[in-house]
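# Coordinate analysis (summary)
What follows is the residue order along each chain.
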Amino acid sequence: MWRRFALGVVLVGCGFHSSAVAPVDAAAPADAAAPSCLPRWLDDAGPALSSPQPLTALTSDGEERDPWITPDGLQLYFDRNPGIHLNYDIYAAARTSPAGEFASPAAVDNLDTSADDSRASLDGDGTLLALSSNRATGKFQIFVSTRGDATQPFPSPSSPDQAMVISVNANADNLYDPFLSSDGLRLYLAPAVIGAAQQVAVATRTAGGSFGAWTPLAMINSGAGEADPALSPDERVIVFTSSRTVAGFARTNLWYATRQRATDPFSAPRLIPTVNGDADDGDPMLGADGCELYFSSNRTGGKYHLFRAQVAM
């Protein structure tokens, strides 16, 4: 999403247990026999996507942003404003199969506060969670929470877990849109540096250690403003939001880039086909098999709501 500060325009981009949402094992892998659409993203021709459809069961009179879906495709987490605390709060919705529709969502009480809470992300086994919030100092920082296994609720982020992101939060920047790699060793995010355009960055750690300071991602940042990074499980595909100028399109659009190996630099970014238009689109998120793209858009009535497009095999 966009946040306006005195020194520029910022793109900003969820868990989790709620009494109204039955917990689902976030670590459960997708059906091993199911085909993957990720090769379509890696192909030179690019993916072919269906026309985006609104997730009407998740639409409110407010706004919905920052979708994040579990690897098994059964739970979707997102932000709602106004949420239950009359600001951005994290909600969750469940479905019984990856091909089904989501039931009505509920607020994730143990993660939400009276501040703005947004873009929560889990690692692959569902035991580490990261989110962005201004609950502590008024600036947006990254908060983390850990649990013993994916059947337990995450506790509200607090010490000693916060030691894991001390270096990430060390300066005066506002930090948005955290996204954890499947192994939990890389934290992608979108810092808003004072006096500069928002950018996509990554912080790394070793197993059992803390994340170091973030560094910008080469090739992804244009200088016009980038945010909302989300990656495929193998980290070879990244989708993100950019405000770089493209004739015939709106202020913010959905982009992607690829690489041969997770340690390689990304290729030059490309517009995600079919889904962009004359409205502002943002907050992209890929399903684990690459066959679904979730995002938010203000194309309906000027408010941001959630949409889904499917990739043709």
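Residues numbered from 1 in each chain as written. Predicted model: local features only at pLDDT ≥ 70, side-chain atom pairs only at ≥ 80, totals over all residues. Heavy atoms only, no water.

## Let's talk about the environment of Ser181
- As for its position among the elements, Ser181 is in the loop between strand E11 (174-180) and strand E12 (186-192).
- Overall, the relative accessible area of 2% leaves Ser181 in the buried class.
- In this structure the C-alpha to C-alpha distance between Ser181 and Pro233, which are 52 residues apart in sequence, comes to 7.0 Å.
- Setting aside chain neighbours within four positions, we find Ser181 in contact with Asp123, Gly124, Arg186 and Glu235. (Helix = DSSP H or I, 4+ residues; strand = E, 2+ residues; numbered from the N terminus. Buried < 20%, exposed > 50% of the residue type's maximum accessible area, 1.4 Å probe, protein only. Contact = heavy atoms within 4.5 Å.)

## Notes on the side chain of Gln198
- In this fold, Gln198 is placed in the loop between E12 and strand E13 (201-204).
- The exposure class assigned to Gln198 is buried, which follows from its relative accessible area of 1%.
- A polar contact is formed between the side chain of Gln198 and the backbone oxygen of Ala190, at a distance of 3.0 Å. (Polar contact = N/O pair within 3.5 Å; in protein donor to acceptor, adjacent residues only side chain to side chain.)

## Thoughts on the pairing of E12
- With respect to burial, E12 is a largely interior element, six of its seven residues being buried.
- Where E11 and E12 come together, five bridges link them in antiparallel fashion. Directly across from Leu175, in E12, lies its bridge partner Pro191.
- Count of turn residues in the E11/E12 antiparallel hairpin: five residues, of which Gly184 carries a positive phi of about 75°.
- Pairing analysis gives four bridges linking E12 to E13, with the strands arranged antiparallel. (Pairing = 2+ DSSP bridges.)

## As for the confidence of the model for the protein chain
- Scored by pLDDT, the protein chain comes out at a mean of 90, with 89% of its residues at no less than 70.
- Below a pLDDT of 50 lies the segment residues 4-9, which in the model reaches 10 contacts outside its immediate sequence neighbourhood of four places, other chains included. (pLDDT = per-residue confidence, 0-100.)

## Overview of the sheet that holds strand E16 (residues 237-242)
- Spatially, E15-E16-E17-E18 is the arrangement adopted by the four strands of the open sheet, whose pairing is antiparallel. A strand with exactly one partner marks an edge of an open sheet, and here the two such strands are strand E15 (226-231) and strand E18 (270-271).
- Two elements, E15 and E16, share four bridges in a ladder whose sense is antiparallel. Bridge pairing in E16 places Leu231 opposite Ile238.

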